[in-house]
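Okay, here's what each chain looks like letter by letter:
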Amino acid sequence: MNTQTEYPAFKSGGTRLTILASVAAAVIVIGAIAADTKVVKIGSAHDVREQAFLPETFGAQEFPKVQADVEKRAVDAATLSSAVAADKKAAGEKYGVATSTGAVVPVSLSGTFGARKANYNEIKVDGLPADITVRVQTGPAINGTDLRDATGTIQFGQFTNQIEYQDAGSAINNEMKKAVLSGFDAETLTGKTATVVGVFKLINPKNWLITPVKVDVK
């Protein structure tokens, strides 16, 4: 007697349905991903890189505004020193922009440069009392955020965090260096007369450290 083994029939129809269902599911997933994906053209208004904070761009845009504002509001050094001697707080409120560490005051002066020390040059200012020391930041390092704070229009709330806010100040300083300090050699200023417009933080009324926005060397 012959014994034959019976095998279950191959259900080709069921397999095809399973494959088709899998393909359909994949198409649905891909379609959903595509629907949720936004194509952004590089350089467009939606380009993330355009939306990021770029210090160099910020400095180039803002320094001319700061410069114009400071030049417009600058107080003659002799007038300012008299006002400060009479009432430091009132002088800061009248002429300057308040910050948490003191008013940033715009000033204009003429005088003769003296010794160079580190990143600044001393200057003997016409019309100022002898007990007031004036120094002008001439680089290469420019310290502080006086230019950033000089107008009162650049506020912390405009930036994502403290780092960006600090970078904004550095960027404006760097732009000032290119626009103002590149016009002369700081190492050769001793003995030369100049007109300076700039700002300083009114903390010690006898010691002014000026960050310039304009320097005309005679």
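Reading the values: the criteria
Residues numbered from 1 in each chain as written. Predicted model: local features only at pLDDT ≥ 70, side-chain atom pairs only at ≥ 80, totals over all residues. Heavy atoms only, no water. pLDDT = per-residue confidence, 0-100. Contact = heavy atoms within 4.5 Å. Helix = DSSP H or I, 4+ residues; strand = E, 2+ residues; numbered from the N terminus. Expected span 1.5 Å × (residues − 1). Buried < 20%, exposed > 50% of the residue type's maximum accessible area, 1.4 Å probe, protein only. Polar contact = N/O pair within 3.5 Å; in protein donor to acceptor, adjacent residues only side chain to side chain. Bend = angle between axes of the 7 residues up to and from the residue. Pairing = 2+ DSSP bridges. Salt bridge = Lys/Arg side-chain N within 4 Å of Asp/Glu carboxyl O.

Quick notes on the confidence of the model for the chain
Here the chain averages 86 in pLDDT, while 77% of its residues score no lower than 70. Long-range and interchain partners of residues 42-50, a stretch whose pLDDT sits below 50, account for eleven contacts in this model, where long-range means more than four residues apart.

With respect to helix α7 (residues 162-179)
For α7, which comprises 18 residues, the first-to-last C-alpha distance of 26 Å matches the rise-based estimate of 26 Å (1.5 Å per residue) to within 8%. By the burial criterion, the buried members of α7 are Glu164, Tyr165, Ala168, Gly169, Ala171, Ile172, Asn173, Glu175 and Met176. Of the residues flanking the start of α7, the one acting as N-cap is asparagine 161, its side-chain oxygen 3.1 Å from the backbone nitrogen of isoleucine 163.

A few points about the environment of tyrosine 165
Within the secondary structure, tyrosine 165 is located in helix α7. C-alpha of tyrosine 165 to C-alpha of isoleucine 154: the two residues are eleven residues apart in sequence and 9.0 Å apart in space. Discounting chain neighbours no more than four positions away, the residues touching tyrosine 165 are Arg148, Asp149, Ile154, Gln155, Phe156 and Phe159.

Brief notes about the side chain of glutamate 175
Among the secondary structure elements, glutamate 175 is positioned in helix α7. Excluding residues within four positions of it along the chain, glutamate 175 makes contact with Gly59, Ala60 and Phe63.

Here's the deal with helix α3 (residues 55-73)
Think of an α-helix as 3.6 residues a turn; residues three or four steps apart then line up on the same face. The end-to-end C-alpha distance of α3, which contains 19 residues, comes to 26 Å, matching closely the 27 Å that a straight helix rising 1.5 Å per residue would cover. If you look at α3, its biggest bend is around 30 degrees, right at glutamate 62, and the proline proline 64 turns up within four residues after that. If you check which residues of α3 are buried, you get Phe58, Gly59, Glu62, Phe63, Val66 and Val70. For α3, the secondary structure elements touched by its buried residues are β2 (103-117), α6 (146-149), α7, β5 (193-202) and β6 (207-217).

Description of the environment of proline 140
As for its position among the elements, proline 140 is in the loop between β4 (133-137) and α6. Considering only alpha carbons, one finds proline 140 and serine 182, 42 residues apart in sequence, at a separation of 10.0 Å. If we ignore the near neighbours within four places in the chain, the residues touching proline 140 are Arg116, Asn119 and Lys177.

Considerations on unusual backbone geometry
What you tend to see is this: most non-glycine residues have negative phi, and most peptide bonds are trans. Along the chain, glycine 139 connects to proline 140 via a cis peptide bond; the corresponding omega equals 10 degrees. Despite not being glycine, alanine 118 has its phi angle at roughly 55 degrees, a positive value. Tracing the backbone shows alanine 118 in the loop between β2 and β3 (120-125).

Some words on the pairing of β3
By the bridge criterion, five bridges tie β2 to β3 in an arrangement that is antiparallel. Within β3, the position partnered with phenylalanine 113 by the bridge is isoleucine 123. Bridge count for β3 against β4 is three bridges, and the pairing is antiparallel. Counterpart to glutamate 122 in the pairing with β4 is arginine 135.

Focus on the pattern of salt bridges
By the definition in use, this model includes ten salt bridges. Measuring nitrogen to oxygen at the nearest pair gives 3.3 Å for the salt bridge that ties glutamate 62 to lysine 65. Here glutamate 62 and its partner lysine 65 are both found in helix α3, three residues apart, which amounts to about one turn of the helix. For glutamate 62, a relative accessible area of 14% corresponds to the buried category. One salt bridge connects glutamate 122 with lysine 117, and the closest N-O pair in it is separated by 3.4 Å. Here glutamate 122 falls in the partly exposed class, since its relative accessible area comes to 27%. Since its relative accessible area comes to 41%, lysine 117 is described here as partly exposed.

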